Every structure is written in C-alpha cells, then in structure tokens.
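Residues per chain, in single letters:
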Amino acid sequence: MAEIGGWRQAAEREFRAPFALDDADEVGDGFDTWPALPEPEYFGVINWRSLPDEREPEVWRLLAEWVSWLCTRYTIPARLIPDCWYLHDGIVEELSALFSSWEVSFEEADSGGHGPLGWHERFEYFRSRLRHYKPEGCANGHLETASRTMPAGPELRARIARADRDGTVP
C-alpha cells in the first residue's frame, strides 16, 4: 500500500508543479515556454464552381492531404473512398464539403465544444450518403463512370429568354 501512495505522491509532485496556482506568479504556468504551434492552413468553404484557377493547386493539395489523413485516421476502406477518389466529381464534392465542415467544426471559436461532436455525426451521415456514388467499383482499380450533361432544349432557352425580358435574369 505504501508503494501506491509513494507513486501517487511522486506523480502529484511531478505533474502539479508547473500548474500550481499558489506559486503561479513565481514559477509561471509553463505555457509561455511551449513552442508555438504553426497556424493551420485554412481555405474556408471549397466551392469548385467559383474557385479561382490560381487557388486550385493549393486547394487540391490541402484536400488530398486531408483525405489521406482521414482515410488513415478512421481506417476507411477503399470500397468507401477509393484511391482514385479525385477522378469522381461527386466524391470530390462530398469530400470537399466534409473537409470544409471539419475545418470549421474544430475551430477554437466553436461554442460549447459541439463542433467536433457535430462533425462526427455528419461524418457518419456522409459515409452512408457516399455509398450512392458506388465507389466500391473502384476498390481494385479505377472504373470510369458515365457522366451526364444536361441539354439546353428549346423550352429551357425560351424560359431563360422570357425571364431575361422580364428583367429577372442579371
């Protein structure tokens, strides 16, 4: 029993000293000597439609680093986020949104600490939604998926022209 008490007292002395309130003025809290953490690279919300061309390489780099970290940290299998994720526009959009949400959720300004918890709830929803893109087809190598283009038929062009005459299209 004395051995446990001795261990506890030694641990309290070792870990209490830098954080002691009664001698904080004399010793300092120890935090002023810690090395400063680098500022995180934050891009903000990724909107690929309005992203300036000169920012695209930076955003791709940040997103690729984050996706690599995400897949490693959370042990995400290739059937959910394939290695060729960057070749699938829908998956890129989903991951970009998740990345943007992650950056905001883990900011210190988040009130009450619900940001990280909220992000993990959205992350679970993201995982179920990602399955709609059928990424498991690329688990053993990239498979090209058919893309869709929307034709601008005569009815749509007439509707746009009518709205333009009404002054509702800028």
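In this text, all values refer to a predicted model and were calculated from it rather than measured experimentally. (Residues numbered from 1 in each chain as written. Predicted model: local features only at pLDDT ≥ 70, side-chain atom pairs only at ≥ 80, totals over all residues. Heavy atoms only, no water.)

Novice: Help me understand the packing of helix 4 (residues 89–105) against helix 5 (residues 114–130) in this model?
Specialist: When two helices pack together, their arrangement is captured by the angle between the axes and the distance separating the axes. At a minimum axis separation of 9 Å, helix 4 and helix 5 run at an interaxial angle of 170 degrees. The angle between the axes of helix 4 and helix 5 places the two elements in the roughly antiparallel class. Two secondary-structure elements touch here, helix 4 through Ile91, Glu94, Leu95, Leu98, Ser101, Trp102 and Ser105 and helix 5 through Gly115, Pro116, Trp119, Arg122, Phe123, Phe126, Arg129 and Leu130. Residue composition of the contact of helix 4 with helix 5, grouped by class: nine nonpolar, three polar and three charged. (Axes fitted to C-alpha atoms, helices over the stretch in contact; angles between N-to-C directions. Helix = DSSP H or I, 4+ residues; strand = E, 2+ residues; numbered from the N terminus. Parallel < 35°, antiparallel > 145°, perpendicular 65-115°, else oblique. Contact = heavy atoms within 4.5 Å. Nonpolar A, V, L, I, M, F, W, Y, C, P; charged D, E, K, R; others polar.)

Novice: Is there a simple way to explain the nonpolar core in this structure?
Specialist: In a soluble, globular protein the nonpolar side chains are often hidden away together inside. Ranked by internal contacts, the top residues of the largest apolar core, which has 23 residues, are Leu63, Trp66, Val67, Leu70, Ile81, Trp85 and Leu95. Only helix 3 (56–73), helix 4 and helix 5 provide two or more residues apiece to this core. Of the residues forming this core, the biggest block, seven residues, is contributed by helix 3. Here Leu63 is in contact with Trp48, Trp85, Val92, Leu95, Ser96 and Phe99, once residues within four sequence places are set aside. (Core = buried A, V, L, I, M, F, W, Y, C linked by side-chain atoms within 4.5 Å. Buried < 20%, exposed > 50% of the residue type's maximum accessible area, 1.4 Å probe, protein only.)

Novice: What should I look at first to understand the packing of aromatic side chains in this one?
Specialist: In this structure the tally under the stated criterion is 13 aromatic pairs. Here Trp66 and Phe99 contribute two aromatic rings whose centre-to-centre distance is 5.2 Å and whose plane-to-plane angle is 45 degrees, an arrangement assigned as tilted. In this pair, Trp66 sits in helix 3 while Phe99 sits in helix 4, placing the two residues 33 residues apart along the sequence. Summarising the burial analysis for this pair, Trp66 and Phe99 share the class buried. Taking the centre distance of 5.8 Å and the plane angle of 85 degrees together, the rings of Trp85 and Tyr86 count as edge-to-face. Grouped by ring-pair contacts, the aromatic residues Trp66, Trp69, Tyr74, Phe99, Trp102, Trp119, Phe123 and Phe126 constitute a single cluster. (Phe/Tyr/Trp six-rings, centres within 6.5 Å; stacked < 30°, edge-to-face > 60°.)

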